[in-house]
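# Structure assessment
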Amino acid sequence: MRDAHSVAAWLRSRGIEVAAYTGKIGPDRVALEQALLNDDVKALIATSALGMGFDKPDLAFVIHYEAPGSVVAYYQQVGRAGRALEAARGVLLSGEEETEITGYFIRSAFPTRNEVEQVLAALEADDEGLTQNQIETKVNVSSGRIQKTLQLLSLESPPPIVRQGSSWQLTAASLSDDFWKRAERLTDLRRKEQAEMQEYVQLSSGHMAFLIRALDGDSGGISSPPLPPLPACCSREIVSEAVAFLRRSNLPVEPRERWPPGGMIDVEHRAQEGRVLCVWNDAGWGRLVSRGKLQDGRFSNELVDACVELLRKWRPDPPPTWVAAIPSLRNPHLVPDFACRLAAALNLPFSPVLQKKGTRPEQKTMENSDRQARNVVGSLAVDKYAILPGPVLLVDDVVDSRWTFTVAAWELRRRGCGPVWPIALADAGGRL
């Protein structure tokens, strides 16, 4: 979804009239579809939310930003083009990351044995049954994975769990080994589909014939369309401009408003809306952040300058008057060193107001919001004598769940600190 908005913004910056179309556009859905039908926009930069029922017979091209997971899915989507035209283009842009993305969806299609064991053990320990939110507090499994586990187990015959109102309870039935055999069989099928799609990507010619044969059709009458070939590369100038575009972008860090499982965080103790410079390992600043964290052990001065520019555009109000850093026991100098250099560039004082208390598991190993929050609460000590007057710019390298910023802001604010403005170098989004 984020890619759809990013690609749409890039194309608009190049003077091409497009719009992003995702599952969260709400009431704008019909208006955007009609705009494409009327040729008011050149294209919709769409996720799979643009359903198969949408029909524009004179659609002249379909461009895939990444390869779908199967030949069938690709054929269905690219087949929207040229229904009422003599010829149309189907373009597939393929990158290394798509294998990882498709692989993730294949791996996550079914719960793992460990996830199932955790959920069943939690239900077995409570005779009254548990809601999904209650299960989340008892297992280290993400909310989405818990939901998938509950849904799939409840569809078994006989089901090992049933839903009673809002709660889930065990039944007398045990989970059949057929469940795991079926999951393994479908997973193997998805991997074969992925391999077939990658075989298509590697072709130098005969693409349509390949698709038709893969769908058990007769490819004997296929001929090349009357279209000139497209260039296979672009100029370095355009690539540089695209990288510069990504480096001008930044993302908001929305403050969390509730503690799990739902208690409100007082407004006066919340962080302000923050900013993150880039997406982890993206082609803008992301790869430089990744290299600094994983290889160099120090973030470059280019990233300091980039954050100064971000703050110049952001203009938080009231503006920060000092800088602090999120501490780490595993790499105690990485973020404070960067924060000190950023403070110097902003002509602001730096204060080591936060310290880490004790060793906790890495936050990235916590799979749901409840575990993430509990893993941070109590892990940060505040030196109240190091709190400086006015709002603070709170610096971290990577943000994912936002609980570290949330807890740090809460600890600082309840000790009299001014507004807390979070800033991070990269949004990991589960990538680390």
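Look up: the structure comes first, before these words.
Please read all numbers here as calculations on a predicted model, not as lab measurements. Residue numbers here run from 1 along each chain, matching the order of that chain's written sequence. Reporting of local features is limited, given that this is a predicted model, to residues whose pLDDT is at least 70; pairs of side-chain atoms are given and counted only at 80 or more, and all residues count toward the totals for whole chains, interfaces and linings. Hydrogens and waters are ignored; side-chain quantities use all the structure's heavy atoms.

## Notes on the packing of aromatic side chains
Each pair of aromatic rings is reported with the distance of its centres and the angle of its planes. Note the following rule: For this analysis, a ring pair means two rings from Phe, Tyr or Trp (six-membered ring only for Trp) whose centres lie within 6.5 Å, classed as stacked if their planes differ by under 30 degrees, edge-to-face if by over 60, and tilted for the remaining angles. Under the scheme used here, helices are H or I runs from DSSP no shorter than 4 residues and strands are E runs no shorter than 2 residues, and both carry numbers assigned from the N terminus. When accessible area is computed with a 1.4 Å probe and restricted to protein chains, residues below 20% of their type maximum are described as buried, those above 50% as exposed, and intermediate ones as partly exposed.
The final tally for this structure, using the stated rule, is 9 aromatic pairs. Seen in terms of ring centroids, Tyr74 and Tyr200 are 5.3 Å apart; in terms of plane orientation they differ by 50°. Their pairing is tilted. Taken together, the residues span a long stretch of sequence, with Tyr74 in helix α3 (residues 71–78) and Tyr200 in helix α8 (residues 177–201) at a distance of 126 residues. Pair check on accessibility: Tyr74 and Tyr200 agree, each one buried.

## A word on the pattern of salt bridges
Convention followed: Throughout this description, the term salt bridge denotes a Lys or Arg side-chain nitrogen within 4 Å of a carboxyl oxygen of Asp or Glu.
A complete count under the given rule lists 19 salt bridges for this structure. When the shortest N-O distance is used, the salt bridge between Arg83 and Asp55 registers 2.8 Å. A residue pair is termed long-range when its members are at least 10 positions apart, and Arg83 in the loop between α3 and β4 (89–92) and Asp55 in the loop between β2 (43–46) and β3 (61–64) qualify at 28 residues. Arg414 is the salt-bridge partner of Glu411, the closest N and O atoms lying 3.2 Å from each other.

## Re a nonpolar patch on the surface
Heads up, the condition is: Within this analysis, patches are made of residues with over 30% relative accessible area and no salt bridge. Like charges are joined at 9 Å or less; nonpolar side chains (Val, Leu, Ile, Met, Phe, Trp, Tyr) at 5 Å or less. What sets the accessible areas is the Shrake-Rupley method with a 1.4 Å probe; for residues, cover comes only from the shown protein chains.
On the surface, Val72, Tyr75, Met208, Leu215 and Ile222 cluster together into a nonpolar patch covering about 390 Å² of accessible area. Its location among the elements puts Leu215 in the loop between α9 (207–214) and α10 (236–248).

## Thoughts on the nonpolar core
Side chains of nonpolar character tend, in soluble globular proteins, to be buried together. As a reminder of what qualifies: Residue types Ala, Val, Leu, Ile, Met, Phe, Trp, Tyr and Cys, when buried and joined through side-chain atoms within 4.5 Å, form a set referred to as a nonpolar core. The contact rule is simple, with two residues in contact once any of their heavy atoms fall within 4.5 Å.
Within the largest apolar cluster, 30 residues are counted, with the highest numbers of intra-cluster contacts made by Leu303, Phe338, Leu393 and Val395. If you list the elements that add at least two residues to this core, you get β10 (274–279), α11 (286–296), α12 (301–314), β11 (322–325), α13 (334–346), β14 (392–399) and β15 (420–427). Residue contributions to this core peak at 7 residues, all from α12. In contact with Leu303, other than residues within four places in its own chain, are Leu277, Trp285, Leu288, Val289, Phe338 and Leu425.

## What about the environment of Thr171?
Condition: Two N or O atoms count as a polar contact when they lie within 3.5 Å, although within protein this holds only if one can serve as hydrogen donor and the other as acceptor, and sequence-adjacent residues are included solely when both atoms are side-chain atoms.
You can see Thr171 is positioned in the loop between β6 (167–170) and α8. Relative accessible area serves as the criterion here: at 28%, Thr171 is assigned to the partly exposed category. Sequence spacing of Thr171 and Leu155 is 16 residues, and the spatial spacing of their C-alpha atoms is 13 Å. Here Thr171 is in contact with Pro159, Pro160, Ile161 and Val162, once residues within four sequence places are set aside. A polar atom in the side chain of Thr171 sits 2.6 Å from the backbone oxygen of Pro159.

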